[in-house]
Amino acid sequence: MLPADGHVHSQWSWDAVNGSMERTCAQAVAMGLPAVAFTEHADYTPWIVVTADLEADPDLAAFTSPAGVLVPPALDLNGYLECLGRCRERFSDLRIISGVELGEPHWHSAAAARLLRAGEFDRVLGSQHCLPLGAGFAEPPSLYRHGPADQVVRDYLAEVVRLIEGCDAFAVLAHIDYPLRYWPALATPFDPSEFEEEFRHALRVLAGTGKALEINTEGPMHPEIVRWWREEGGQAVTFGSDAHEPGRIGYRFGEASALAEASGLRPGRHPWDYWRRPQ
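Since this is a predicted model, take the numbers as computed values, not measurements.

**Q** Residues and numbers for the packing of helix α7 (residues 196-209) against helix α8 (residues 223-231), please.
**A** Remark: α7 packs on α8, axes separated minimally by 9 Å, with the N-to-C direction vectors making an angle of 45°. Judged by the angle between their axes, α7 and α8 are oblique. Once α7 is placed against α8, the crossing between them reads as right-handed. Residues Glu196, Phe199, Arg200, Leu203, Leu206 and Ala207 of α7 form the contact with α8, whose own contacting residues are Ile225, Arg227, Trp228, Trp229 and Glu231. When grouped by side-chain class, the residues that make up the contact of α7 with α8 number seven nonpolar, no polar and four charged.

Structure below.
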């Protein structure tokens, strides 16, 4: 059996223009996934968008000001929870987990706390998407245009450490390798060993909190990172497709679960449990 997909977006995430909670649940049942966590975006950081970003993703224009700043809209919590309830009734054999993905929650602690109190989510992810750039913030594609690729990754991992140390509101750290999705084609091929010290430090800090690490299958998966997590004392992992449309759920989960097994992690009692180190 495939593991649960612990990181999925539906129409209730502002950037999931092709998302559908109902169709995603139907796809999960068809695939034999035991559970799906709808971890919708709660983003509070505005970031700089340039022409190249809009050309790559025209849907961003709806949220971008004439000055080129994207301001993510708030999560419609009532609409999300009502839709979740309908799906739980319709797909009673599928474990449907409520959730949220908090973007940079250590920068927005008060707003994140208000949302968590109101939502009472089953699964809370912590994510780093942006870094400071000049007087604003930017995502990796723009960051790579303004500095060396290796420095972007090091700066990102340093901010991940600050996220972990500065916020206790989340249970799972999502996509620790987020910038690698956008690694520049013209740069030297990415070599995880060149960043081993920085990855290990972030993983060691995360392990000390008892939180779980997500194996995110949207970008490149590097076995070294999961092995380092295990060696630095990490106890648990989850699996996340980061799907923004129904056809992407469970993406590469066979490969991801094999990677986790090779690192000594095993499924829990229930199919939707974290995978953990054997006691």
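**Q** An account of unusual backbone geometry is requested, with residue identities and associated values reported.
**A** Positioned with a positive phi, Glu120 is a non-glycine residue whose angle comes to about 50°. Residue Glu120 is classed as exposed on the basis of its relative accessible area of 66%. The phi dihedral of His175 falls on the positive side, at around 25°, and the residue is not glycine. Within the fold, His175 resides in the loop between β9 (172-173) and α7. Owing to a relative accessible area of 1%, His175 belongs among the buried residues under this scheme.

**Q** I'd like a rundown of the layout of surface pockets, residues and numbers included.
**A** In this structure, the largest pocket occupies an estimated 1,000 Å³ of space. For the largest pocket, the lining is made up of 35 residues, of which Asp15, Asp57, Tyr178, Tyr182 and His244 are closest to its centre. Mapped by element, the contributors of at least two residues to the lining of the largest pocket are β3 (47-48), α2 (51-56) and α5 (140-146). Tallying contributions element by element places α5 first for the lining of the largest pocket, with three residues. In the lining of the largest pocket, the residues fall into 13 nonpolar, eight polar and 14 charged.

**Q** Describe α8, with residues and values.
**A** Every buried residue of α8 is listed here: Ile225, Val226, Trp228 and Trp229. Along the long axis of α8, the arc covered by the buried residues comes to 160°, so they all point the same way. In this structure, the buried residues of α8 make contact with α7, β10 (212-216), β11 (236-240) and α9 (253-262). Directly beyond the C-terminal end of α8, a positive phi value near 100° is found at Gly233.

**Q** I'd like to hear about the sheet that holds β11, residue by residue, with values.
**A** The pairing of strands in a sheet happens through backbone hydrogen bonds and is either parallel or antiparallel. Strands sit in the order β1-β2-β5-β6-β9-β10-β11-β12 across an open sheet of eight strands; the sheet is mixed. Of all the strands in the sheet, the pair left with one neighbour each is β1 (5-8) and β12 (275-276). Where β11 and β12 come together, two bridges link them in antiparallel fashion. Among the inter-strand pairings, Ala236 is bridged to a residue of β12, identified as Arg276. Each of β2 (35-42) and β5 (95-103) touches helix α3 (residues 77-90); the most contacted strand, β5, lies at about 155° to it.

**Q** Which residues make up the environment of Pro34, and what values do they have?
**A** Relative to the helices and strands, Pro34 is located in the loop between α1 (21-31) and β2. Sequence spacing of Pro34 and Trp272 is 238 residues, and the spatial spacing of their C-alpha atoms is 6.6 Å.

**Q** Explain the packing of aromatic side chains residue by residue, including any values.
**A** Overall, the coordinates contain twelve aromatic pairs when judged by the stated rule. With a centroid separation of 5.2 Å and 75° between ring planes, the pair formed by Trp183 and Phe190 is classed as edge-to-face. In terms of burial, Trp183 and Phe190 fall into one category: buried. Plain terms: the ring middles of Phe199 and Trp228 are 6.1 Å apart, the flat faces sit at 40° to each other, and that makes the pair tilted. A residue pair is termed long-range when its members are at least 10 positions apart, and Phe199 in helix α7 and Trp228 in helix α8 qualify at 29 residues. Classification of Phe199 by relative accessible area gives buried; the value is 1%. Trp228 sits in the buried class, given a relative accessible area of 2%. A network of ring pairs unites the aromatic residues Tyr144, Trp183, Phe190 and Phe195 as a single cluster.

Conventions we followed
- Residues numbered from 1 in each chain as written.
- Predicted model: local features only at pLDDT ≥ 70, side-chain atom pairs only at ≥ 80, totals over all residues.
- Heavy atoms only, no water.
- Axes fitted to C-alpha atoms, helices over the stretch in contact; angles between N-to-C directions.
- Helix = DSSP H or I, 4+ residues; strand = E, 2+ residues; numbered from the N terminus.
- Parallel < 35°, antiparallel > 145°, perpendicular 65-115°, else oblique.
- Left-handed = near helix turned anticlockwise from the far one by under 90°.
- Contact = heavy atoms within 4.5 Å.
- Nonpolar A, V, L, I, M, F, W, Y, C, P; charged D, E, K, R; others polar.
- Buried < 20%, exposed > 50% of the residue type's maximum accessible area, 1.4 Å probe, protein only.
- 1 Å grid on protein atoms, 1.4 Å probe; cavity = no way out; pocket = protein on both sides within 12 Å on 5 of 7 lines; lining within 4 Å.
- Points joined across faces, edges and corners; volume = space filled by probe spheres on them.
- Arc of directions from axis to C-beta.
- Pairing = 2+ DSSP bridges.
- Phe/Tyr/Trp six-rings, centres within 6.5 Å; stacked < 30°, edge-to-face > 60°.

Any functional reading would require information beyond the geometric quantities listed.
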